[in-house]
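Now for the letters of each chain:
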Amino acid sequence: MNAKDDRDEGGPEGALRNEDPGESREAGPEAAAARGSGAGEGARADDGAARAGDGAARAGDGAARAGDGAARAAQRDAAAEDDGAAEGEHDEEDGAAPEPPPRPRGPSMWDILRDSFFTFDRRTLGFTRILLGFFLIGDLFRRSWAWSDMFADIGVLPNHVNLWRPQGGGNFSLVNAFSTPGELWVLWAVIFATYVCLLIGWKTKLMQVLSLVFVTSMNGRVLLIENGGYVVHNLLLLWTCFLPMGDRFSVDALLASLKRSRERTADDLNDRATLDDPRKPDAYVTVLGPVLLIQLSAIYFFNVVHKTGPAWKNGTAVHFVLYVDRMVTPIVADIRDYAPKFLILFMTRMVISFEAAIPVCLLSPLGRVWARRLTLVMMNLLHVGFGTTFVLGPFAWALCVFSTLLISREDWEIAARTMRRVHRARVVLFDPRSPGAVLACRMLKRMDRFGLLTFEASSSAPFGLAARRPGGEAAEGAAALADIVAAIPLGPTVAWVLRLPLVRDAATAAMAAAHRRSLGRALGARLPERSEIAPPPAPLRLAGRKVLATFRELAVLVMFVGAVNQAAVELWVIKNRWKVPHPEPTRVLSQKLRFLQGWFMFSPNPVMDDGTIVVDAITVDGRHINPFTGEPPNFDLLHAKSFAYTQIWCDYFARIKLPANTAYRDAMKEYIYRYPERTGRPEDAIVSGEVYWVKDWNPKWGSTESYGEEREKLFLFQNPKAQARAQAEPPSLAN
């Protein structure tokens, strides 16, 4: 998957990366090659010279000037070899055994620890960034259905109420600065653009920081809808913010590579020595490695430790969770009655087993590769099941993205061997006079991670870009483009589209028009004046990067200390046994942006009751309606088959009923009064009504019928404006 696998990563750039500079100055290339051949180094030196022909050419003058020295050095070397051979023969005659070659050293303890706990593969980080971008975009659209309802001044918790009656000790939220729906939709567009830039990897580090601020701001704006998934969401953005997720598979990496090496000829394009930055090898070592493993282990370990209720012990917990109508999806609600008992018991045991096994596999240094693979499988099986069964917000999908950080170098090697198909190799014919064609080839070289493309200059290439297949058959237009795309990783998944009849003709016509009108030149593409490799960064810049890297590692440790302290004061199994101090600095680190550590999902028992808010509101024309559903109020929970609410509304209803949140009920009343503004119907004006919390108990084990329905009246409301209107209208209209 990486072009650097085929070259020496340890030496400097250039043709002489395997030579001793002293030898090169003293005796010239000929003598150095002679000495290298005698020591078994000729193959590597020849390979280095082949990869850096320009450097060898530049060294030609020096070789000529040092010709006499080279000849003398060669004579000295020949004489030394003769003397060595004579001494060897004399030793053999004396019966002296030759010294055995030194045994290769095995990996040190630090090597084992580094590879097991401190190392990420940069390809893994790039892949995780792509999935993170898709996840963030999906989560933004999930919020869109209640965007104004939650965040605007016409919603259930306007920002002026949130600022005067702060939730959670005054946590920080950038969203508090936006009030009207128009302002908030502009913010939505900015957040969406940020997520797209993170997905493609443009200005990646900046987008990581902005995404962290946006996510924590949205999650902390209305704590009435916060759950454990929002906390995992925050932590995912926090910890990945310390990782270089733009070094692979990104626009940043592509632009840096184009800037680092400017190719002009076919030989330059076929030279892959400078494809990746030699200062950024695939292995990325950071103190965040063990921190992240401990964080993931804590999530599962404490979730298991806190599950002490009888429903988890006897294996019936999943049964009760499946009947929580405010959480399950409608599809699950329709099929749950038919789930056999053995399946329920199996799923409960599986959940407990997976949550207990994941920390062991994560922290085990033995069988690291297979342990991580097993963890990856267990996490995704567990959370894909959760995410498709329940409306839990970002919880399941955030942990699925987290799991991809466990992909190792060995996994990438298997993927490369599996995906690479030699029959897809193509010779790319390009017009060397066309700036657009040369730029396209430069980009293709960087996307061709399997090394299946070979470049060849051809002034007669149709449309400036064509392809030659292994049998010698030429392809042009869309057919050539499809062949070229199919050679790059994941290319076959889209190459077939270019072979469809209408698409094929359109793509061919577009290539012809672009070549005829020199579209590449019109868009600013220019042929490089000469092939060149950018010089390495200045020492001062490199020193600055090291300083920043040191501060980054220190910041990771500081945040880890805050996470450990937060866990000690929040987790039941710890705080019920020991009184751990919570200093103000660590409290601020953890709580201002909601980097919490409370891991007790469905603990100690799963949810065994069900409930929701039901509003019985009377309109100006005398109808009874629930403004949250737009339908008449339904108090029958015993026969409900999922409320079909999103996680946002489910958690809002569950929290607003609590006595601790009565201060936010006036804002809820105002939201109810604005119901006709949302429907656009004046006759929907709300005159008065009552708000109830309706609950029942989930079916007992072996049953499918809920029982014990209860109603709890939370408060009454009356809308003076609508009442005055109702009294002023004639009775015929009021009825």
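From a predicted model like this one, the values you see are computed outputs, not experimental measurements.

**Notes on the overall build of the protein chain**
Line of reasoning, step 1. Across its full length, the protein chain carries 35 helices and 12 strands.
Line of reasoning, step 2. Per-residue burial over the protein chain gives 47% buried out of 735 residues.
Line of reasoning, step 3. Once local pairs closer than 6 in sequence are excluded, the contacts in the protein chain between residues at least 24 apart make up 79%.
Line of reasoning, step 4. Accessible surface computed for the protein chain: about 36300 Å², of which carbon and sulfur atoms make up 62%.

**Observations regarding the sheet that holds strand β11 (residues 686-697)**
Line of reasoning, step 1. As summarised here, the arrangement of the 4 strands in space is β10-β9-β11-β12, forming an open sheet in which the pairing is antiparallel. Taken across any chain shown, the strands that pair with only one partner, and hence form the sheet edges, are β10 (624-625) and β12 (707-718).

**Focus: a nonpolar patch on the surface**
Line of reasoning, step 1. Taken together, the side chains of Met-109, Trp-110, Ile-112, Leu-113 and Val-285 make up a nonpolar region of the molecular surface, amounting to roughly 470 Å² of accessible area.
Line of reasoning, step 2. A total of 4 residues in the nonpolar patch trace back to one element, the largest contributor, which is helix α6 (residues 109-118).
Line of reasoning, step 3. Following the sequence through the fold, Val-285 ends up in strand β3 (residues 283-285).

**A few points about the layout of surface pockets**
Line of reasoning, step 1. Approximately 1100 Å³ is the volume found for the second largest pocket.
Line of reasoning, step 2. In this structure, the second largest pocket is lined by 41 residues; those nearest its centre are Glu-226, Asn-227, Gly-228, Asp-651 and Arg-655.
Line of reasoning, step 3. Elements that contribute at least two residues to the lining of the second largest pocket include exactly α12 (228-240), β9 (609-619), α31 (647-656) and β11.
Line of reasoning, step 4. The greatest single-element share of the lining of the second largest pocket, amounting to 5 residues, is contributed by α31.
Line of reasoning, step 5. Of the residues assigned to the lining of the second largest pocket, the class counts are 19 nonpolar, 11 polar and 11 charged.

**A closer look at the side chain of Ser-688**
Line of reasoning, step 1. Take Ser-688: it is sitting in strand β11.
Line of reasoning, step 2. Among residues more than four places away in sequence, those in contact with Ser-688 are Asp-616, Ala-617, Ile-618, Phe-717 and Gln-718.

**Describing the pattern of salt bridges**
Line of reasoning, step 1. Counting across every chain of the model gives 40 salt bridges.
Line of reasoning, step 2. Put simply, Arg-272 and Asp-448 hold a salt bridge, and the shortest N to O gap is 2.5 Å. Here Arg-272, found in the loop between α14 (266-270) and β3, pairs with Asp-448, found in the loop between α23 (435-447) and β5 (453-457); they are 176 residues apart in sequence, far enough to count as distant.
Line of reasoning, step 3. In this structure Arg-272 comes out as buried when scored by relative accessible area, which is 17%.
Line of reasoning, step 4. The residue Asp-325 makes a salt bridge to Arg-336 at a minimum N-O spacing of 2.8 Å.

**Let's talk about helix α11 (residues 204-221)**
Line of reasoning, step 1. If you check α11, its first and last C-alpha atoms are 25 Å apart, about what 18 residues at 1.5 Å a residue would give, namely 26 Å.
Line of reasoning, step 2. α11 sits mainly inside the fold: 13 of its 18 residues count as buried.

**Some remarks on the sheet that holds β5**
Line of reasoning, step 1. Pairing within the open sheet is mixed, and its 4 strands lie in the order β5-β4-β6-β7. Only two strands of the sheet have a single partner each, and these edge strands are β5 and β7 (474-476). The sheet shows a mean angle of 30° between the axes of neighbouring strands, direction not considered.
Line of reasoning, step 2. Summarising the sheet, strand β4 (residues 426-430) and strand β6 (residues 465-468) pair through 4 bridges and their orientation is antiparallel. In the strand pairing of β6, Phe-430 is matched with Leu-465.

**Side note on the nonpolar core**
Line of reasoning, step 1. With 133 residues, the main nonpolar core has Trp-239 and Trp-649 as its most contacted residues.
Line of reasoning, step 2. The biggest single contributor to this core is helix α15 (residues 288-305), with 9 residues.
Line of reasoning, step 3. The next biggest cluster of nonpolar side chains, apart from the first, holds 20 residues, and it includes Cys-441, Phe-450, Leu-453 and Ile-484.

**Some words on the packing of helix α7 (residues 122-144) against α11**
Line of reasoning, step 1. Where α7 contacts α11, the axes come no closer than 12 Å and their chain directions differ by 30°. Note on packing geometry: the crossing formed by α7 with α11 is left-handed. Here Arg-129, Leu-136, Leu-140 and Arg-143 of α7 come into contact with α11, specifically with Thr-204, Ser-211, Val-215, Met-218 and Asn-219.
Line of reasoning, step 2. Grouping the constituent residues of the contact of α7 with α11 by class yields 4 nonpolar, 3 polar and 2 charged.

**Considering the packing of aromatic side chains**
Line of reasoning, step 1. One pass over the structure, following the stated rule, counts 23 aromatic pairs.
Line of reasoning, step 2. Judged by centre distance (5.7 Å) and plane angle (25°), the ring pair of Phe-628 and Tyr-671 falls under stacked. Here the residue Phe-628 occupies a position in the loop between β10 and α31, and Tyr-671 occupies one in helix α32 (residues 665-673), the gap between them amounting to 43 residues.
Line of reasoning, step 3. For Tyr-671, a relative accessible area of 4% corresponds to the buried category.
Line of reasoning, step 4. With centroids separated by 6.1 Å and ring planes inclined at 40°, the aromatic side chains of Trp-649 and Tyr-671 adopt a geometry described as tilted. In this pair, Trp-649 is assigned in helix α31 and Tyr-671 in helix α32, connecting sequence segments 22 residues apart.
Line of reasoning, step 5. Given a relative accessible area of 13%, Trp-649 falls into the buried group.
Line of reasoning, step 6. Ring-pair connections join several aromatic residues into one group, and the members of that group are Phe-628, Phe-643, Tyr-645, Trp-649, Tyr-652, Phe-653 and Tyr-671.
Line of reasoning, step 7. Taking NZ or CZ as reference, Lys-700 lies 5.3 Å from the ring centre of Tyr-707, over its face.
Line of reasoning, step 8. The ring centre of Phe-635 lies 3.9 Å from the NZ or CZ of Arg-711, which sits over that ring.

**With respect to the pairing of β9**
Line of reasoning, step 1. In terms of burial, β9 is largely enclosed, as 9 of its 11 residues are buried.
Line of reasoning, step 2. As judged from the 2 bridges shared by β9 and β10, these two strands associate in the antiparallel manner. Residue pairing across strands places Ala-617 opposite Ile-625, the latter belonging to β10.
Line of reasoning, step 3. Counting the residues between successive antiparallel strands, the hairpin from β9 to β10 contains 4 residues, one of them, Gly-622, with a positive phi of roughly 90°.

**A short note on the packing of α6 against α15**
Each packed pair of helices is defined by two parameters, the angle between the axes and the distance between the axes.
Line of reasoning, step 1. The interhelical angle for the contact between α6 and α15, taken along N-to-C directions, is 50°, at an axis separation of 8 Å. Taken together, the axes of α6 and α15 lie oblique to each other. In contact with Ser-116, Phe-117 and Phe-118 of α6, α15 contributes Gly-289, Pro-290 and Leu-293.
Line of reasoning, step 2. Class assignment of the residues belonging to the contact of α6 with α15 gives a composition of 4 nonpolar, 2 polar and no charged.

**Considering the environment of Val-391**
Line of reasoning, step 1. Mapped onto the elements of the fold, Val-391 is located in the loop between α20 (368-389) and α21 (395-403).
Line of reasoning, step 2. Residue Val-391 is classed as partly exposed on the basis of its relative accessible area, which comes to 23%.
Line of reasoning, step 3. Expressed as a C-alpha distance, the spacing of Val-391 and Arg-326, which sit 65 residues apart in the sequence, is 8.3 Å.
Line of reasoning, step 4. Excluding its chain neighbours within four sequence positions, the residues that come into contact with Val-391 are Arg-326, Met-327, Thr-329, Tyr-645 and Gln-647.

**Brief notes about the side chain of Asp-121**
Line of reasoning, step 1. Here Asp-121 shows up in strand β1 (residues 119-121).
Line of reasoning, step 2. Looking at Asp-121, its side chain comes within polar contact range of the side chain of Arg-123, at 2.8 Å.
Line of reasoning, step 3. For Asp-121, the contacting residues outside a window of four places in its chain are Asp-282, Arg-409 and Trp-412.

Rules used in this analysis
- Residues numbered from 1 in each chain as written.
- Predicted model: local features only at pLDDT ≥ 70, side-chain atom pairs only at ≥ 80, totals over all residues.
- Heavy atoms only, no water.
- Helix = DSSP H or I, 4+ residues; strand = E, 2+ residues; numbered from the N terminus.
- Buried < 20%, exposed > 50% of the residue type's maximum accessible area, 1.4 Å probe, protein only.
- Contact = heavy atoms within 4.5 Å.
- Areas by Shrake-Rupley, 256 points an atom, 1.4 Å probe, with all protein chains shown as cover.
- Pairing = 2+ DSSP bridges.
- Patch = residues over 30% accessible without salt bridge, like charges linked within 9 Å, V, L, I, M, F, W, Y side chains within 5 Å.
- Salt bridge = Lys/Arg side-chain N within 4 Å of Asp/Glu carboxyl O.
- 1 Å grid on protein atoms, 1.4 Å probe; cavity = no way out; pocket = protein on both sides within 12 Å on 5 of 7 lines; lining within 4 Å.
- Points joined across faces, edges and corners; volume = space filled by probe spheres on them.
- Nonpolar A, V, L, I, M, F, W, Y, C, P; charged D, E, K, R; others polar.
- Expected span 1.5 Å × (residues − 1).
- Axes fitted to C-alpha atoms, helices over the stretch in contact; angles between N-to-C directions.
- Core = buried A, V, L, I, M, F, W, Y, C linked by side-chain atoms within 4.5 Å.
- Left-handed = near helix turned anticlockwise from the far one by under 90°.
- Phe/Tyr/Trp six-rings, centres within 6.5 Å; stacked < 30°, edge-to-face > 60°.
- Lys NZ or Arg CZ within 6 Å of the ring centre and 35° of its normal.
- Parallel < 35°, antiparallel > 145°, perpendicular 65-115°, else oblique.
- Polar contact = N/O pair within 3.5 Å; in protein donor to acceptor, adjacent residues only side chain to side chain.

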